[in-house]
Amino acid sequence: MSSLLAPDGFAGADPSSPVRGVREALERRRARAHGHVYAVVRWAGAGIFAAVFVTLLVTLFDQASAALGHMGIAILWTGWNPAKNQYGAGVFIVGTLLTTLVALVVAVPIGIGTAVLLSELAPRWIAAPFTLMVEFLAAVPSIVVGLWGLIVLTPLFATHVEPFLKKVPLLNVLFHGTAYGASVLLAGVVLAVMILPTIVALSRVAMSGVAVADREAGLALGATRWQVVSKAVVPGARRGIRASITLAMGRALGEAIAVALVIGNNTSLPHSLLSPGATLGSAIVNSFSEATPGSLEKSGVVALVVVLLAISVLVNAGGQLLLRARKPGLPPRGPVTESASPIMPTVPGVPDTAGTTT
Amino acid sequence: MTDAPIAFESSPSLSAAVVRRALVRDTARRSLARRRLAGRVATSLCTVALCISLVPLVALIAYIISRGLPALSGGFLVHTPTPEGIPGNGIGNAIVGTLIIVGLAMAMAVPVGLAASLFVVERPGKLSGALRFAANVLTGAPSIAIGVFAYAVFVVNFGYSGLAGSFALTVLMLPIMLRFNEEAMFTVPADLWEAGLALGSPRARVVRSVVLRSALPGIVTGNLLAMARAIGETAPLIFTIFGSQFFVFRPTSPMSAMPLTIYDNATQAYPDAQQTAWGTALVLMVLVIILSVVARVVAAHLNRKTR
């Protein structure tokens, strides 16, 4: 703390010395100068950040304006056909929503089940290594998952998984057509593998953050362990769990590269989960470099970016609203923060933060 | 039962009454045997979930290691790519490219992120709220959108370059860093701020010697994790750095980077290309994992030191 005082201190100086006044004045002046520098630095940081954000929005809308003007609101439901000068996002929106849905249907129950086990039910010697592993897996780059999906899963799906799914009664309504391997289903599964560690890691942190008193209270009332989990821990952690799902959903919606590798890139409307398809992200990856700069098609691709951005902002905003929403009948619960988990702030987009500061 | 003498301390989430009500209702409805059975069923379902989730994750790791290790022979890490079928292939240029691009991005993003987060922490108000909102939107934004943005701003005007990729990664990392830094600084107790100010120290001094010092573990960890994220990103680079077959040390020319190498090689049908992709994936993953481990170790170390 001594470093907080002026380095030369006042204690030793002779109070009657005229030098003291000069020195103090100099000190004050230097402090004021530092204060000015500090304020400038702060403002510069804020300014640069704001400028980047505004430029991003302006640039994207500006580049997309030609196609947006050309298509109008119909961009939301028309298909993509550059030969006919048609730059709609309809098929890609359907593809994006379908793949994300498949990913969530696969990853959410498995992820939450795993998180419950790791956080509550498994003994420590099992839970600790698996938790560490899951947290590292959350840091695996998506391109690596995409590579694995392309080289390992595509043939596996074409020869085994998809023919099998076609034979399952009832479910086969969803799965018909030729089994190519590359399909909406495979893209959804690859996304599920990608977001699974995120869901597990963040939900687990949220569950471990539920107060010990809550658990002990349940046990003291004679509840079984599972009752404590289902009635106290999971409801207590539901904000964090919801946040983990929102975050995972955002990643699944926005993932472009990994999906482009496995979805088959087909610009017609998928008629079953086995059809090759395209998402907004994969369409951007595939069409952006092909389109000539300055053409309407280039603008059309940027319009896809704008649509994708709008969807992800909507999902994020929806997630934030969900986090704020309180169930009727529940008493107020302390200040609502932006963070995903009760004990540790989490940053959307950085799944591998879970547990690092705990 | 209704007035069980249990001290429910301020729980972060649920109120005591809610938990108690739910438990009592549940317990009254079902016998102990049935509740135990439900627990056993649920536990086995969760175990099944764990097993299912382990299969793809373990398989992924196993594949990367088993297919990637053979690629790492010879001078894979230091050579440049060779044409298909000619031995001596390497990804040295991609490693150098990744290090330069990410290094430059860090050099741009860290100071700006720190300054912007100081603004948000020090000047709560409309502009700070707007910055926080922008950070929220940007962290949720698909990275491909950032790639297209960097293309429109940089590549259209100055051509493909490593610097354009650095810019894209900066835009990607900034909001993440902003939020991490902000959270780290919020954990600094108000007492410390006030103690510093009460001593008559100038604000800049308090921030530098008290706030930044005690928030340092969180800041370092957050910035390293943002870096780990940026290293593995392909989408911001795919339209910006173009790729190169040679060692390039000048950031204003087109460069190569590891994620791009994986993408380019994965989409080729040759077995050699696929092996290169696996090898690069292994190197990239090891790099990312090292970074996350370092982030944790640094955080733990600094945490011990500051306490």
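Just so you know, these numbers come straight off a predicted model, no measurement behind them.

Caption draft 1: Main features of the overall build of chain B. Looking only at helices and strands, chain B features 11 helices and zero strands. Along chain B, helices and strands appear, N-terminal first, in the series α-α-α-α-α-α-α-α-α-α-α. Scaling as 2.2 N^0.38, a compact globule of 307 residues should have a C-alpha radius of gyration of about 19 Å, whereas chain B reaches 26 Å, well beyond that. Counting only C-alpha atoms and orienting by the principal axes, one finds that chain B spans roughly 80 × 65 × 35 Å. The 307 residues of chain B split such that 51% are buried. Within chain B, counting contacts between residues at least 6 apart in sequence, those at least 24 apart form 75% of the total.

Caption draft 2: A look at the overall build of chain A. Scanning chain A from N- to C-terminus turns up 11 helices and two strands. For chain A, the sequential pattern of α-helices and β-strands runs α-β-β-α-α-α-α-α-α-α-α-α-α. Scored against the burial criterion, the 358 residues of chain A give a buried share of 51%. Long-range pairs, those at least 24 residues apart, make up 74% of the contacts in chain A with a sequence separation of at least 6.

Caption draft 3: Inspection of the packing of helix 5 (residues 143-158) of chain B against helix 6 (residues 162-186) of chain B at higher detail. Residue and element names in this part refer to chain B. One can describe the packing of helix 5 onto helix 6 by two numbers: an axis separation of 9 Å at closest approach and a directional angle of 135°. By the angle class used here, helix 5 and helix 6 are oblique. For the pair helix 5 and helix 6, the crossing hand works out as right-handed. Residue-level inspection shows S143, I146, G147, F149, A150, F154 and V155 of helix 5 in contact with helix 6, the latter providing A164, F167, A168, V171 and L172. Of the residues contributing to the contact of helix 5 with helix 6, the split by class is 10 nonpolar, two polar and no charged.

Caption draft 4: A look at the domain arrangement of chain A. Residues and elements named next belong to chain A. Looking at the assigned domains, one finds that chain A contains domain 1 (18-73) and domain 2 (75-353). Here the C-alpha centre of domain 2 lies 35 Å away from the C-alpha centre of domain 1. Of the residues lining the interface, 11 residues belong to domain 1; the matching set on domain 2 comes to 13 residues. Taken together, the residues that form the side of domain 1 that touches domain 2 break down as eight nonpolar, three polar and no charged.

Caption draft 5: Main features of the confidence of the model for chain B. The pLDDT averaged across chain B works out to 87; a share of 94% of its residues lies at or above 70. Low pLDDT, under 50, characterises residues 1-13 of chain B; the stretch is placed with 24 contacts to residues that sit more than four places away or in other chains.

Caption draft 6: Broad picture of the interface of chain A and chain B. Across the contact, 102 residues belong to chain A and 103 residues belong to chain B. Sorting elements by how many residues they give to the side of chain A that touches chain B places helix 1 (residues 18-71) of chain A first, with 21 residues. In terms of residue class, the side of chain A that touches chain B is made up of 69 nonpolar, 27 polar and six charged.

Caption draft 7: Structural detail: unusual backbone geometry. Of note in the backbone geometry, L170(A) takes a positive phi value of approximately 70° without being a glycine. As for its placement among the helices and strands, L170(A) is situated in the loop between helix 4 (142-167) and helix 5 (184-208). Although it is not a glycine, F242(B) sits at a positive phi angle of roughly 70°. Residue position: F242(B) is located in the loop between helix 9 (235-238) and helix 10 (258-266). Classification of F242(B) by C-beta neighbours within 10 Å gives partly exposed; the count is 19.

Caption draft 8: Focus on helix 8 (residues 203-231) of chain B. Residues and elements named next belong to chain B. With 29 residues, helix 8 extends only 36 Å from end C-alpha to end C-alpha; this falls clearly short of the ideal 42 Å at 1.5 Å per step. Along helix 8, the sharpest change in direction is near 60° and occurs at L216; proline P217 comes one to four residues later. Among the 29 residues of helix 8, 21 are classified as buried, and the element is accordingly described as predominantly covered.

Caption draft 9: Focus on the nonpolar core. Formed by 204 residues in total, the largest nonpolar core has its most connected members in A107(A), V190(A), I284(A), L304(A), V305(A) and V148(B). With residues up to four places along the chain from it excluded, the contact list for V305(A) reads L60(A), I284(A), A145(B) and V148(B).

Caption draft 10: Representation of the packing of helix 4 of chain A against helix 5 of chain A. All names here are of chain A. It is at 10 Å that the axes of helix 4 and helix 5 come closest, and there the two elements cross at 135°. Between helix 4 and helix 5, the interaxial angle falls into the category oblique. The hand of the helix 4/helix 5 crossing is right-handed. Here S142, V145, G146, G149, L153, T154 and F157 of helix 4 come into contact with helix 5, specifically with L186, V190, V193 and M194. Taken together, the residues that form the contact of helix 4 with helix 5 break down as seven nonpolar, four polar and no charged.

Caption draft 11: Structural context of the domain arrangement of chain B. Split into domains, chain B comes out as domain 1 (1-30), domain 2 (35-71) and domain 3 (92-306). Put simply, the middle of domain 1 of chain B and the middle of domain 3 of chain B, counted by C-alpha atoms, are 45 Å apart.

Caption draft 12: Looking closely at the environment of V19(A). By the secondary structure assignment, V19(A) is in helix 1. Placed 266 residues apart in sequence, V19(A) and V285(A) show a C-alpha to C-alpha distance of 70 Å.

Caption draft 13: Focus on the environment of N172(A). Residues and elements named next belong to chain A. Along the chain, the position of N172 falls in the loop between helix 4 and helix 5. Judged by the 13 C-beta atoms lying within 10 Å of it, N172 is partly exposed. C-alpha separation for the pair N172 and L202, spaced 30 residues apart in sequence, amounts to 34 Å. Those residues in contact with N172, other than ones at most four positions away along the chain, are L165, K166 and K167.

Caption draft 14: Geometry of helix 5 of chain A. Residue and element names in this part refer to chain A. If you check helix 5, its first and last C-alpha atoms are 35 Å apart, about what 25 residues at 1.5 Å a residue would give, namely 36 Å. Roughly 35° is the biggest bend found in helix 5, and it falls at I195, with proline P197 one to four residues downstream. Burial runs high along helix 5: 25 of the 25 residues are buried.

Reading the values: the criteria
- Residues numbered from 1 in each chain as written.
- Chains lettered and ligands numbered in written order.
- Predicted model: local features only at pLDDT ≥ 70, side-chain atom pairs only at ≥ 80, totals over all residues.
- Helix = DSSP H or I, 4+ residues; strand = E, 2+ residues; numbered from the N terminus.
- Rg over C-alpha atoms; globule rule 2.2 N^0.38 Å.
- Buried ≥ 20, exposed ≤ 12 C-beta atoms within 10 Å, placed from the backbone.
- Contact = placed C-beta atoms within 7 Å.
- Axes fitted to C-alpha atoms, helices over the stretch in contact; angles between N-to-C directions.
- Parallel < 35°, antiparallel > 145°, perpendicular 65-115°, else oblique.
- Left-handed = near helix turned anticlockwise from the far one by under 90°.
- Nonpolar A, V, L, I, M, F, W, Y, C, P; charged D, E, K, R; others polar.
- Domains from an automatic or database assignment.
- pLDDT = per-residue confidence, 0-100.
- Expected span 1.5 Å × (residues − 1).
- Bend = angle between axes of the 7 residues up to and from the residue.
- Core = buried A, V, L, I, M, F, W, Y, C linked by C-beta atoms within 7 Å.

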